[in-house]
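# An overview of the molecular structure
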Amino acid sequence: MPEGPELHLASLYVNKMCEGLVFSGSVEKSDVNKNPEVPFCCDAYCIKAQSRGKEVILTLTPIKNDDDGKRKVAKRQSQQPMDVVFRFGMSGFFRFTSVDDLPKHAHLRFYTNENPCRVLSFEDTRRFGSWHPNGTWQKDRGPCVMFEYESFRENVLSNLSDKTFDKPICEVLLNQKYFNGIGNYLRAEILFRLQIPPFVKARTVLEGLVLQDEEKKKVKKEITVVESTDKTGKKGVKAETPDLLSLCHTVPLEVVQLGENGYAPAKGKYSVLQAWMQCYCVDGMNSLGDHNGRTIWFNGDPGPMVPKGAKSRKIMWKRQKDDHDYTDSKKAKKTCTDSTAKAKPAKKKDNIKVKKENATSKTQNASKRQKKTTKKVNVAPADENKKPKTRGKRSPKVLPKTGTNTIKSQRVEEVNKTKRNSVTCRKSATKAKPQRKRSGTQGGRSSK
DNA sequence: CGTCCACGTCTAC
DNA sequence: TAGACCTGGACGG
């Protein structure tokens with residue numbers, strides 16, 4: 001699930017798994033993938049990762065060996081570190097496995113120098129992901145919402161005259177020039193926290209924050225003074241009521257806090273993140289296609305700038321095929337679909353509706369709603385409606401049930417393996433996995 | 001079987 | 001503002 005938090009978790013994952021390991025040889029690319037080869041080759045190198053917004057950089061650093069440095073000069077060894085910039089598209093992520101467990105869609109592979117060697121691979125089922133050898137953070141992407149918060153905020157607030165802010169807030173939130181790291185589920189969760197209708201003009205929502213920030217700066221000194229003097233138990237500082245931009249920072253960080261459960265494709269997987277979601281794909285919420293054809297999830301009013309003909313979407317929320325064992329989570333999922341969706345929303349205020357409406361009436365409603373809307377917006381940071389969570393029937397977690405799980409999954413692996421050779425890797429099938437030793441380049445790993 | 005949908009960019013009328 | 005780029009899961013007939 002590659003939005004900012006997942007990219008960051010990916011970088012943590014890489015650093016954790018690769019710490020202290022020595023990688024060796026050349027970087028291998030699958031044949032089907034159209035991204036460039038990574039022209040890096042070294043007997044001994046290490047891998048480190050960092051993230052910024054929706055990008056990850058892997059740094060491949062040759063490990064110096066003073067002794068034989070000269071002897072090996074002959075070979076075409078990379079002497080300099082290389083940065084490779086990754087964007088994950090819709091399905092990219094990193095995995096570290098044994099060679100035998102090489103995943104089906106491992107499109108870029110880094111091998112360790114271990115005896116049965118292991119592999120760090122960039123897996124990307126849909127191949128929308130990209131990598132760029134000797135790359136840099138993409139120009140035109142803004143500061144990271146998670147780790148460059150101040151400049152992120154500054155970048156938005158000092159550019160509100162940009163016509164991009166004429167658009168609905170939900171669409172602007174996907175603009176990586178200003179919101180590097182926000183993606184489709186985050187925009188829904190963020191707007192939901194403040195109950196901001198998705199189709200309100202972005203500038204309208206953000207204008208207020210400019211003054212707000214300036215006030216803060218003025219008052220800041222006072223505050224710090226106050227804080228230092230009166231030490232009322234709390235740590236102070238954090239007290240600020242959240243606004244849209246601060247939530248663009250804290251909400252993704254919440255996901256990072258969930259940890260690799262949200263990322264590691266191994267186990268319960270999505271269940272944790274899914275349980276965390278309050279809006280995106282949540283039963284009882286509304287959904288509409290935005291002007292770019294992306295589905296926005298929200299609660300209550302859509303706001304005035306709804307695209308003509310926008311239709312509500314159905315959920316087809318995957319349930320990470322752990323096959324077996326989910327006995328009733330399966331039912332839960334079905335519930336999620338829609339028929340029952342009607343049944344449950346009893347809880348919400350009562351102003352919902354929208355859901356299955358048709359375009360025509362919608363626009364009309366929209367104008368009518370506008371007042372309500374704007375009112376809401378102004379009231380937004382109220383922090384009172386903070387907990388509307390209908391929360392009810394999130395999926396019941398799916399606990400792993402380890403025993404069966406492992407066995408089963410192993411079996412699955414076997415199947416995949418055989419399949420893999422014939423299908424995914426086709427051309428590459430020959431060198432598919434174990435004997436991946438690029439004849440020409442250099443003998444490398446297995447030999448020694 | 002076919003259709004729709006998916007956590008994202010890109011570039012071409 | 002549409003497609004294009006891809007694979008695969010869920011669902012409908």
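Preceding block: the structure.
What this report covers is the structure whose coordinates are included nearby. (Residues numbered from 1 in each chain as written. Chains lettered and ligands numbered in written order. Predicted model: local features only at pLDDT ≥ 70, side-chain atom pairs only at ≥ 80, totals over all residues. Heavy atoms only, no water.)

## Structural notes on the overall build of chain A
Quick note on the threshold: Secondary structure is summarised from DSSP: a helix means a run of H or I of at least four residues, a strand means a run of E of at least two, and numbering begins at the N terminus for each. Type-normalised accessible area, obtained with a 1.4 Å probe on protein chains alone, sets the label of each residue: buried when under 20%, exposed when over 50%, and partly exposed for intermediate values. Note on contacts: a residue pair is in contact if any heavy atoms of the two residues lie within 4.5 Å. Using a 1.4 Å probe, the Shrake-Rupley method yields the accessible areas, and only the shown protein chains count as cover for residues.
Check the secondary structure of chain A and you find twelve helices and eleven strands. Relative to its full complement of 448 residues, chain A shows a buried share of 49%. At a minimum sequence separation of 6, the contacts of chain A that also span at least 24 residues come to 71%. For chain A, the computed accessible surface area is about 23200 Å², with 54% contributed by carbon and sulfur atoms.

## Considerations on the sheet that holds strand 7 (residues 106-111)
The criterion, for reference: Here a strand pair is declared whenever DSSP counts at least two bridges between the two strands. Orientation is described by lines fitted to C-alpha atoms, with helices fitted over the stretch in contact, and by angles between N-to-C directions that extend from 0 to 180 degrees.
Strand order in this open sheet of four strands is 2-7-8-6, and the pairing throughout is antiparallel. Of all strands in the sheet, those bounded by a partner on one side alone are strand 2 (28-29) and strand 6 (92-98). Bridge count for strand 6 against strand 8 (residues 118-124) is seven bridges, and the pairing is antiparallel. Within the sheet, the bridge partner assigned to Phe94 lies in strand 8 and is Phe122. With respect to the sheet, helix 1 (residues 4-18) is in contact with strand 6 and strand 8, its orientation differing from that of strand 6 by roughly 15°.

## Re the pattern of salt bridges
For clarity, the threshold we go by: By definition, a salt bridge exists where a carboxyl oxygen of Asp or Glu is found within 4 Å of a side-chain nitrogen of Lys or Arg.
Under the definition given, this model contains nine salt bridges. Put simply, Arg95 and Glu123 hold a salt bridge, and the shortest N to O gap is 3.0 Å. On the criterion of sequence distance, the pair formed by Arg95 in strand 6 and Glu123 in strand 8 is long-range, its members being 28 residues apart. In this structure, Asp290 and Arg187 form a salt bridge, with 2.9 Å as the shortest nitrogen-oxygen distance. Here the residue Asp290 occupies a position in the loop between strand 10 (286-289) and strand 11 (295-298), and Arg187 occupies one in helix 4 (residues 184-194), the gap between them amounting to 103 residues.

## Regarding the sheet that holds strand 1 (residues 23-26)
The strand order across the open sheet formed by five strands is 1-3-4-5-9, and the pairing between neighbours is antiparallel. Both edges of this open sheet fall to strand 1 and strand 9 (130-133), since each of them pairs with a single strand only. For this sheet the average axis-to-axis angle between neighbouring strands, irrespective of direction, equals 35°. Pairing analysis gives five bridges linking strand 4 (residues 55-62) to strand 5 (residues 82-87), with the strands arranged antiparallel. Paired with Leu60 across the bridge in strand 5 is Met82.

## Quick notes on the pairing of strand 10
The alternating pattern of strand 10 places Asn286 and Leu288 and Ser287 and Gly289 on opposite faces, both of which are buried. Examined bridge by bridge, strand 10 and strand 11 share four bridges and lie antiparallel to one another. Note on strand 11: the bridge partner recorded for Asn286 is Phe298. In this structure, the hairpin formed by strand 10 and strand 11 is closed by a connection of five residues, where Gly293 is found at a positive phi of approximately 80°.

## Description of the side chain of Ser287
To keep it simple, the criterion reads: Two N or O atoms form a polar contact when they lie within 3.5 Å of each other; inside protein one atom must be a possible hydrogen donor and the other a possible acceptor, and for residues adjacent in sequence the pair counts only when both atoms belong to side chains.
Inspection of the secondary structure assignment puts Ser287 in strand 10. Using a relative accessible area of 1% as the deciding quantity, one classes Ser287 as buried. A distance of 3.0 Å separates the side chain of Ser287 from the backbone oxygen of Arg313, its partner in a polar contact. Excluding residues within four positions of it along the chain, Ser287 makes contact with Thr295, Ile296, Trp297, Phe298, Lys311, Ser312 and Arg313.

## Remarks on helix 1
How we decide: Each helix should span, by expectation, one fewer than its residue count multiplied by 1.5 Å.
With 15 residues, helix 1 should reach 21 Å at 1.5 Å per residue; the first-to-last C-alpha distance of 21 Å fits that figure. Of all 15 residues that make up helix 1, eleven are buried, and the element is covered over most of its length. Turning to helix 1, its buried residues are Gly4, Pro5, Glu6, Leu7, His8, Leu9, Ala10, Ser11, Tyr13, Val14 and Cys18. Immediately downstream of helix 1, the backbone of Gly20 shows phi near 80°, a positive value.

## Side note on the packing of helix 1 against helix 6 (residues 244-258)
What counts is decided by this rule: In this scheme, roughly parallel covers angles under 35 degrees and roughly antiparallel covers those over 145, while 65 to 115 is roughly perpendicular and the rest are oblique. Each crossing gets its handedness from the near helix: less than a right angle anticlockwise from the far helix is left-handed, clockwise is right-handed.
Where helix 1 meets helix 6, the closest approach of the two axes is 8 Å, and the angle between their N-to-C directions is 40°. With respect to helix 6, the element helix 1 is oriented oblique. At the point where helix 1 passes helix 6, the crossing takes the right-handed sense. Counted together, Pro5, Glu6, His8 and Leu9 of helix 1 and Pro252, Val255 and Val256 of helix 6 form the full contact between these two elements.

## Re the nonpolar core
Counted only if it meets this: The definition of a nonpolar core used throughout is a set of buried Ala, Val, Leu, Ile, Met, Phe, Trp, Tyr and Cys residues joined through side-chain atoms within 4.5 Å.
Val156, Phe165, Ile169, Phe179, Leu206 and Leu244 are the most contacted members of the largest nonpolar core, which totals 53 residues. Within the residue set of this core, elements represented by two or more residues are helix 2 (149-157), helix 3 (169-172), helix 4, helix 5 (202-229), helix 6, helix 7 (270-276) and strand 11. The contact partners of Leu244, leaving out residues within four places of it in the chain, are Ile169, Ile190, Leu191, Leu194, Ile196, Val205, Leu206 and Leu209. Counting 28 residues, the second largest nonpolar core, distinct from the first, contains Ala10, Phe40, Leu60 and Trp131.

## Regarding the pairing of strand 7
Taken across its six residues, strand 7 has six buried, putting it largely inside the fold. Note: strand 2 against strand 7, two bridges, orientation antiparallel. When the bridges of strand 7 are listed, Lys29 appears paired with Leu108. Bridge count between strand 7 and strand 8: five bridges; the pairing is antiparallel. Each residue of the ladder has a partner; that of Arg109, found in strand 8, is Ser121. Following strand 7, the chain reverses through six residues before pairing antiparallel with strand 8.

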